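# Structure at a glance
Take a look at the letters that make up each chain.
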Amino acid sequence: MRQARLTVLLTLGMLAFTGNSTAATAPTDAIKYRKAVMSAMAAHTSAFSLINFGRVEHQDHLIAHVDALAALGTQLKVLFPAGTGTGDTDALPLIWQEPEKFGQLVTASEKSTAELRAAVAAGDKAATMKAFKAVGDSCKGCHDRYRKEDD
Amino acid sequence: MAARPGLAAGSRTCVALLLCLVASAVAAASAEQLARGRYLVHAGGCISCHTADRDGAIPLAGGRRLETPFGIFYAPNLTPDRKTGIGGWSDTDFSAALRHGRAPDGSPYYPVFPYPAYAGISDADVAAMAAWLRSIPPVHNPVPAHELPWYLRSRWLMLGWNLLFFDPQPFQADPARDKDWNRGAYLVRHLGHCGECHTPRNLFGARDDSRELAGNAAGPDGGKVPGIRQDREQGLGRWTLDDMLLFLELGMLPNGDFAGSSMSAVIDDNTSQLTGDDRRAIAVYLQSLAPLDSP
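Residues numbered from 1 in each chain as written. Chains lettered and ligands numbered in written order. Predicted model: local features only at pLDDT ≥ 70, side-chain atom pairs only at ≥ 80, totals over all residues.

### Describing the overall build of chain A
The number of helices and strands found in chain A is six helices and zero strands. Along chain A, helices (α) and strands (β) appear in the sequence α-α-α-α-α-α when read from the amino end. Buried residues in chain A amount to 25% of all 151 residues. Sequence separation of 24 or more characterises 64% of the internal contacts of chain A that already satisfy a separation of 6 or more. (Helix = DSSP H or I, 4+ residues; strand = E, 2+ residues; numbered from the N terminus. Buried ≥ 20, exposed ≤ 12 C-beta atoms within 10 Å, placed from the backbone. Contact = placed C-beta atoms within 7 Å.)

What follows is the structure in structure tokens.
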């Protein structure tokens, strides 16, 4: 009986401990996660463009890539928590100095990705082309302002 | 007698008609020249440097801050404002500035201005660029003085630099290569002056053309600039022609990432504005550059 109680207590303690550690993500891991999501977005963009510009077939895959882009795009705004501007990152301090402007640009990129998704879903090639350029411009716009280019 | 007024009126009409014809011919030629000039100013990358790096900056009105190993330079105002821009410059002034790095008063510019590359721009292209720059609205925008160490403050020192490192040569097409390659060479080496960032520089800030376009560890704004020869690691060896075309048009790298920083301005103001043929010419030329560091 006593042993059972101890087990329960220990389990609760461990749960509490695990809970604590997820609440305080290490900045290094937050940066790692941000990079992983960014790379995933890049990979979908690359795959999308290979189809979009007729270099491979798989027209039917287009929607999967743009769905993924749109879903990942909505995560961007929570990927830059305070304290993740130093260490192994190319993110510039300006992100945390002008959160409003940064938020506007992220929202604009979500919007352009949603438009791309709609164009693909409608099977409208000309609109897809145009929307893809707009998505690219929104990526470029943020990288230009908020990312250190070193290589 | 009765015939004279008629004759006179007839010849007046003739003269007027002739004048109209001449005037419209001149106007037509210059509209074409202006369009060409506008295109060339974009292809020459003038806008990326001569526009301040802030929201709402007026294109070509100057003020962009360039941090270099030699000090901080502020790009001048290229609008035709007489006080703060290049208003009142003759074609000769413009050509001397662009291709010889000389201000209208004869003083030399610092080679942060890419006149060593621009030296190969053709006469017709220089004239068209000057004509278009003259046609844009003048903007009064005084630009700060360069912030340089004391030993570099005299522009006249650059006469020595020119003597050592500047050998202006007109562009010579290579008859053994095709039209695309030659057009690409002109755009990459002269008008587009890619080597000003992508080629490393020596101790005196002169391009080391033995490593042309092989990458530059100390680029503008302190960044590392990648090589764009056919090296597989430090260059474009793994890129296809289509990869290059997409990058020059949209700024997308083959891995789906988008360029930022200095290159994003080059894409926005220069390469994305080019015709598809000119982008292709650039790619064809770059693909012909043998790797330097990897077999």
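Now that the structure is up, let's keep going.
### Here we look at the overall build of chain B
A count of helices and strands for chain B gives 11 helices and two strands. For chain B, the sequential pattern of α-helices and β-strands runs α-α-β-β-α-α-α-α-α-α-α-α-α. Residues classed as buried in chain B amount to 37% of the 295 residues present. Considering only contacts within chain B whose residues lie at least 6 apart along the sequence, 61% involve residues at least 24 apart.

### Re the environment of Ala131 of chain B
Residues and elements named next belong to chain B. Considering the arrangement of structural elements, one finds Ala131 in helix H5 (residues 123–135). Taking the number of C-beta atoms within 10 Å as the measure of exposure, Ala131 has 17 and is therefore partly exposed. Sequence spacing of Ala131 and Ala35 is 96 residues, and the spatial spacing of their C-alpha atoms is 9.6 Å. Excluding its chain neighbours within four sequence positions, the residues that come into contact with Ala131 are Ser30, Gln33, Leu34 and Gly37.

### Section: the pairing of strand E2 (residues 71–74) of chain B
Residues and elements named next belong to chain B. As defined by bridge partners, strand E1 (residues 65–68) adjoins E2 across four bridges and the pair is classed as antiparallel. Paired with Leu66 across the strands is Phe73, a residue of E2. Between E1 and E2, which pair antiparallel one after the other, the connecting turn spans two residues. (Pairing = 2+ DSSP bridges.)

### Re the packing of helix H3 (residues 91–100) of chain B against H5 of chain B
Residue and element names in this part refer to chain B. Across the interface, H3 lies against H5 with an axial gap of 10 Å and an inter-helix angle of 115 degrees. Accordingly, the angle class assigned to the pair H3 and H5 is roughly perpendicular. In terms of crossing hand, the pair formed by H3 and H5 is right-handed. Between H3, through Asp91, Phe94, Ser95, Leu98 and Arg99, and H5, the contact on the second element is made entirely by Val126, Ala127 and Ala130. (Axes fitted to C-alpha atoms, helices over the stretch in contact; angles between N-to-C directions. Parallel < 35°, antiparallel > 145°, perpendicular 65-115°, else oblique. Left-handed = near helix turned anticlockwise from the far one by under 90°.)

### Some thoughts on H3 of chain B
Residue and element names in this part refer to chain B. Residues of H3 that are buried include every one of Ala97, Leu98 and Arg99, and no others. Summarising the axial view, the buried residues of H3 lie within an arc of 170 degrees, below the 170-degree limit, and thus occupy one face. Contact partners of the buried residues in H3: helix H4 (115–118) and H5. With its phi angle positive at about 65 degrees, Gly101 sits one or two positions after the end of H3. (Arc of directions from axis to C-beta.)

### Structural notes on the nonpolar core
All names here are of chain B. Within the largest apolar cluster, 65 residues are counted, with the highest numbers of intra-cluster contacts made by Met129, Ile282 and Leu286. Of the domains in this structure, domain 1 (30–170) and domain 2 (172–295) are the two that each give at least three residues to this core. If we ignore the near neighbours within four places in the chain, the residues touching Met129 are Gly37, Leu40, Val41 and Gly44. (Core = buried A, V, L, I, M, F, W, Y, C linked by C-beta atoms within 7 Å. Domains from an automatic or database assignment.)

### Examining the interface of chain A and chain B
On the chain B side, the residues contacting the 18 residues of chain A number 17 residues. Counting only elements with at least two residues in the side of chain A that touches chain B, the list comes to helix H2 (27–52) and helix H6 (125–146) of chain A. Classifying every residue of the side of chain A that touches chain B gives four nonpolar, six polar and eight charged. (Nonpolar A, V, L, I, M, F, W, Y, C, P; charged D, E, K, R; others polar.)

### Observations regarding helix H10 (residues 261–269) of chain B
Given 3.6 residues to a turn, an α-helix orients residues that are three or four positions apart in the same direction. Of all the nine residues making up H10 of chain B, eight are buried; the element is thus mostly covered by neighbouring parts of the structure. Within H10 of chain B the residues assigned to the buried category are Ser261, Ser262, Met263, Ser264, Ala265, Val266, Ile267 and Asp269 of chain B.

### Topic: the domain arrangement of chain B
Residues and elements named next belong to chain B. Assigned domains of chain B: these are domain 1 (30–170) and domain 2 (172–295). Averaged C-alpha coordinates put domain 1 and domain 2 at centres separated by 22 Å. Here the side of domain 1 that touches domain 2 is composed, by residue class, of 15 nonpolar, six polar and one charged.

### A short note on the confidence of the model for chain A
Scored by pLDDT, chain A has a mean of 87; 83% of the residues are at 70 or more. Segment residues 17–21 of chain A is flagged for pLDDT under 50; beyond a separation of four residues in sequence, or across chains, it makes zero contacts in the model. (pLDDT = per-residue confidence, 0-100.)

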